Amino acid sequence: MPRDGVYGLDEVLGNLNKQLAGIKNRSIAGLLEGGLVVQRDAQRNVPVEYGNLRASAYTRKAQNDPQAVEVGFTAAYAVFVHEDLEQTLKGKPRPSGLGTYWNPGGPKFLERSLRDNESAILEIVRARASVGESA
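What counts, and where the lines are drawn
- Residues numbered from 1 in each chain as written.
- Predicted model: local features only at pLDDT ≥ 70, side-chain atom pairs only at ≥ 80, totals over all residues.
- Heavy atoms only, no water.
- Core = buried A, V, L, I, M, F, W, Y, C linked by side-chain atoms within 4.5 Å.
- Buried < 20%, exposed > 50% of the residue type's maximum accessible area, 1.4 Å probe, protein only.
- Contact = heavy atoms within 4.5 Å.
- Helix = DSSP H or I, 4+ residues; strand = E, 2+ residues; numbered from the N terminus.

Student: Explanation requested: the nonpolar core in the structure shown.
Tutor: It is characteristic of soluble globular proteins that their nonpolar side chains tend to be buried jointly. Grouped together as the largest cluster of nonpolar side chains are eleven residues: Ala42, Val46, Val48, Leu53, Ala57, Phe73, Ala75, Ala78, Val81, Trp102 and Phe109. Contact partners of Phe73, with chain neighbours within four places excluded, come to Ala42, Gln43, Val46, Leu53, Arg54, Ser56, Ala57, Tyr58, Ala78, Phe109 and Leu110.

Shown next, in the form of structure tokens:
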């Protein structure tokens, strides 16, 4: 006897579950792709002297939430630079002779990149999650 008296219901539910899993996987792929857009933009906006901060950028699946992606910087001073709104040395020559402080770029480089690319990220995730889109 078929489940709930309906023939083919198990097959329909199986196919539906496959489609939902596919959408979930494609959504994560879209989030990763969107994260890379944010990362690239943030790397263009960080102040650079030697390039350590810029090179420490990463995008990955979040470690504490399988449905999330994180974008960040691993340099020990990344948070300080990101949050330093005062920029007390802005425009002054660096002791290394490599340009001036806070150039190029400025504080809130990651936050600004996320905000500036919001519509592009949403479009990437939407396009990836659409039925028939491959991961």
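Student: Explain the environment of Val38 to me, please; I cannot follow it from the model alone.
Tutor: Tracing the backbone through its elements, the reader meets Val38 in helix H1 (residues 9-45). A C-alpha to C-alpha distance of 5.4 Å links Val38 and Ser113, two positions 75 residues apart in sequence. The contact partners of Val38, leaving out residues within four places of it in the chain, are Val71, Leu110, Ser113, Leu114 and Ile121.

Student: I'm lost on the side chain of Asp41 in this one. Help?
Tutor: For Asp41, the location among the structural elements is in helix H1. When neighbours within four sequence positions are excluded, Asp41 is seen to be in contact with Ser113 and Asn117.

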